[in-house]
Amino acid sequence: MIYKRSSALFAAAQKVIPGGVNSPVRAFKAVGGDPIFVKEAKGAYLYDEDGNRLIDYINSWGPMILGHAHPPVVNAVVEKAKKGTSFGMPTEIETQIAELAVSMVPNIDKIRFVNSGTEACMSAVRLARGYTQKDKIIKFAGCYHGHSDSFLIQAGSGAVTFGSPNSPGVTKGTAQDTLLARYNDLDHVERIITSNKGEIACIIIEPVAGNMGCIPPVKGFLEGLRALCDEHDVLLIFDEVMTGFRLARGGVQELLGVDADIVTFGKVIGGGLPVGAFAAREEIMNHLAPLGPVYQAGTLSGNPLAMAAGLAMLTELNNNQGIFTSLADKTEYLHTGIAKALKENNITHTINRLGSMISVHFDAGAVVDFDTAANGNNETFKKFFHGMLDNGIYIAPSAFETWFITEALTYEDLDETIAAVQKVAKTL
Ligand SMILES: *Cc1c(COP(=O)(O)O)cnc(C)c1O
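Scope of this entry: the structure provided in the associated data block. Source: prediction; values computed, not measured.

1. Things to note about the sheet that holds strand β16 (residues 403–404)
Read from one edge of the open sheet, three strands run β13-β14-β16, paired in antiparallel fashion. Since the sheet does not close on itself, it has two edges, and those belong to β13 (349–354) and β16, each with one partner. Bridging between strand β14 (residues 357–362) and β16 involves two bridges; their strand directions are antiparallel. Counterpart to isoleucine 358 in the pairing with β16 is tryptophan 403.

This is the structure we're talking about:
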């Protein structure tokens, strides 16, 4: 395929935007080469600036669960835009989407809307700290909760007690309040809690991890976290920015039957517009301003266009609950096809999958946490990525990312993808 215009656009972008992108993963650093500039998208397909058609497995990193430019969502936004795009005053649609979200998700009474997943997680942690009057938080290596300071902490030796900043600009003070645990390792979490007795406000986790490939929780892990939190007066935050309204109508709480104290959302809840949200039981949410002392605000929070897109999206998902099974079926079909193609070509691989999330790892063995995800062979992944791209298939440009299946994908699209894997596998 030819990417002349994309490369020219990238060169121009780099002069005025750091790295030419407004979010780093878009720059293709992990796989090499110039990123592709998209012109438009419809259903399961992207059309780039050079006129190539690509089958899309990123789907804006999750939001486009029903495909690009889904008519009910587009129409809702267009109609809303005609009536004014922002007021900084309350609107009825905010209550409508809040009522719907609260009715779909277990265990939450109230929800507040913000503009991104980052903001949702940042606010959820502040709320947890304000509610418990404790400072420290536990996060898991390899889990992503947005780019706010408390979350940009990576695992390293000695990290059990004191996190070390992994981005310049995060202060040591902030890092010290973030304790790192190993995903799927309950004993590790328990040790951290006991050595920081009475100091931990919350545990924040992707209940099905999606930012180190797709890593489902092992049996008993989430249940164990719930029990530890109850025992030690710690709030459990499920970051469902990726999994919410994707793995089930009520997210992982419903799918796996474990209750969280605070839940965060993003991606699907905005239908492709900038939306995040956090939600909890009434007694916790009532600690937020203006009812309570924990401050949180936003000029564009609950923006009418964003709410219209989100409401249209959630309504579609709520009215067609067969969608989650259909997505899981398609993902399983893809999994089986890819596994077969790789096996026939003797490519050592691991495929992780849950619902409509799937990731392919090369030479990694079992992938259950950040360290085992990092065992993957990046050189093979790079070749695989570019091979797939040459065959018109757009997967995430990093071995640490999950692929997102959209309902717009047909079985013909999946067959085309599997055929591409078959071809590319011969070159790995
Ligand atoms: C994408 C993501 C975020 C951050 O959301 P943004 O809208 O990019 O700020 C937080 N948590 C998880 C689990 C995510 O996948």
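There's more to say after this.
2. Observations regarding helix α1 (residues 4–16)
Looking only at α1, the buried set comprises Ser6, Phe10 and Ala13. All buried residues of α1 fall inside an arc of 65° around its axis, so they share one side. Opposite the packed face of α1, turned more than 90 degrees from it, sit the exposed residues Lys4 and Lys15.

3. With respect to the pattern of salt bridges
A complete count under the given rule lists 13 salt bridges for this structure. For aspartate 261, the salt bridge is made with arginine 226, and the minimal N-O distance between the two is 3.0 Å. With aspartate 261 in the loop between α8 (251–256) and β11 (262–265) and arginine 226 in helix α7 (residues 221–232), this pair connects stretches of sequence that are 35 residues apart. Taken as a pair, aspartate 261 and arginine 226 share a single burial class, namely buried. Between lysine 330 and glutamate 407 there is a salt bridge whose closest N-O contact spans 3.6 Å. With lysine 330 in helix α11 (residues 322–344) and glutamate 407 in the loop between β16 and α14 (411–425), this pair connects stretches of sequence that are 77 residues apart. Overall, lysine 330 belongs to the buried group, its relative accessible area being 7%.

4. Comments concerning the pairing of strand β9 (residues 200–205)
By the criterion of burial, β9 is predominantly enclosed, with six of the six residues buried. Pairing of strand β5 (residues 136–140) with β9, which is carried by three bridges, proceeds in the parallel orientation. In the sheet register, isoleucine 138 faces β9, and the bridge partner there is isoleucine 203. Of the strand pairs in this sheet, β9 and strand β10 (residues 235–239) are connected by four bridges, and their pairing is parallel. Note on β10: the bridge partner recorded for isoleucine 205 is phenylalanine 238. Handedness of the crossover joining β9 and β10 through α7: right-handed.

5. Some thoughts on the packing of aromatic side chains
Tallied over the full model, the rule gives eleven aromatic pairs. Their ring planes at 55° and their centres at 5.6 Å tell us that tyrosine 57 and tryptophan 403 sit as a pair that is tilted. Remark: tryptophan 403 occurs in strand β16 and tyrosine 57 occurs in the loop between β3 (53–56) and α2 (71–81); sequence separation between them is 346 residues. Comparing tyrosine 57 with tryptophan 403 shows no difference in burial state: the two are buried. Centre to centre, the rings of phenylalanine 362 and phenylalanine 384 are 5.1 Å apart; their planes meet at 65°, and the pair counts as edge-to-face. Residue phenylalanine 362 is located in strand β14, and its partner phenylalanine 384 is located in helix α13 (residues 378–390); the two are separated by 22 residues in the primary sequence. Of the residues examined, phenylalanine 362 reaches a relative accessible area of 2% and is grouped as buried. Ring pairing ties together the aromatic residues Tyr57, Phe362, Phe384 and Trp403, which thus form one cluster. Here arginine 53 stacks its cationic end above the ring of tyrosine 45, 4.0 Å away from the centre of that ring.

6. Concerning the sheet that holds strand β15 (residues 393–394)
The sheet built from four strands is open, its strands ordered β1-β2-β3-β15 with mixed pairing. Two strands close off the open sheet at either side, each with one partner strand: β1 (38–42) and β15. By the bridge criterion, two bridges tie β3 to β15 in an arrangement that is parallel. When the sheet's bridge partners are listed, aspartate 56 is paired in β15 with tyrosine 394. Set on the sheet, α14 makes contact with β2 (45–48), β3 and β15; between it and β3 the angle comes to about 100°.

7. As for the environment of valine 73
For valine 73, the position within the fold is in helix α2. On the basis of relative accessibility, which here comes to 6%, the residue valine 73 falls in the buried class. C-alpha separation for the pair valine 73 and alanine 308, spaced 235 residues apart in sequence, amounts to 7.6 Å. Once residues lying within four places of it in the same chain are set aside, the contact partners of valine 73 are Gly271, Ala309, Ala312 and Met313.

8. Examining the layout of surface pockets
There is about 550 Å³ of room inside the second largest pocket. Lining the second largest pocket are 23 residues; nearest its centre among them are Glu94, Arg112, Phe113, Ser301 and Gly302. When residues of the lining of the second largest pocket are traced back to their parent elements, those giving at least two are α3 (92–104), β4 (110–114) and α10 (304–319). At four residues, α3 tops the list of elements feeding residues into the lining of the second largest pocket. A per-class count over the lining of the second largest pocket returns ten nonpolar, ten polar and three charged.

Reading guide: rules and limits
- Residues numbered from 1 in each chain as written.
- Predicted model: local features only at pLDDT ≥ 70, side-chain atom pairs only at ≥ 80, totals over all residues.
- Heavy atoms only, no water.
- Pairing = 2+ DSSP bridges.
- Helix = DSSP H or I, 4+ residues; strand = E, 2+ residues; numbered from the N terminus.
- Buried < 20%, exposed > 50% of the residue type's maximum accessible area, 1.4 Å probe, protein only.
- Arc of directions from axis to C-beta.
- Salt bridge = Lys/Arg side-chain N within 4 Å of Asp/Glu carboxyl O.
- Right-handed = clockwise from strand over helix to strand, strands pointing away.
- Phe/Tyr/Trp six-rings, centres within 6.5 Å; stacked < 30°, edge-to-face > 60°.
- Lys NZ or Arg CZ within 6 Å of the ring centre and 35° of its normal.
- Contact = heavy atoms within 4.5 Å.
- Axes fitted to C-alpha atoms, helices over the stretch in contact; angles between N-to-C directions.
- 1 Å grid on protein atoms, 1.4 Å probe; cavity = no way out; pocket = protein on both sides within 12 Å on 5 of 7 lines; lining within 4 Å.
- Points joined across faces, edges and corners; volume = space filled by probe spheres on them.
- Nonpolar A, V, L, I, M, F, W, Y, C, P; charged D, E, K, R; others polar.

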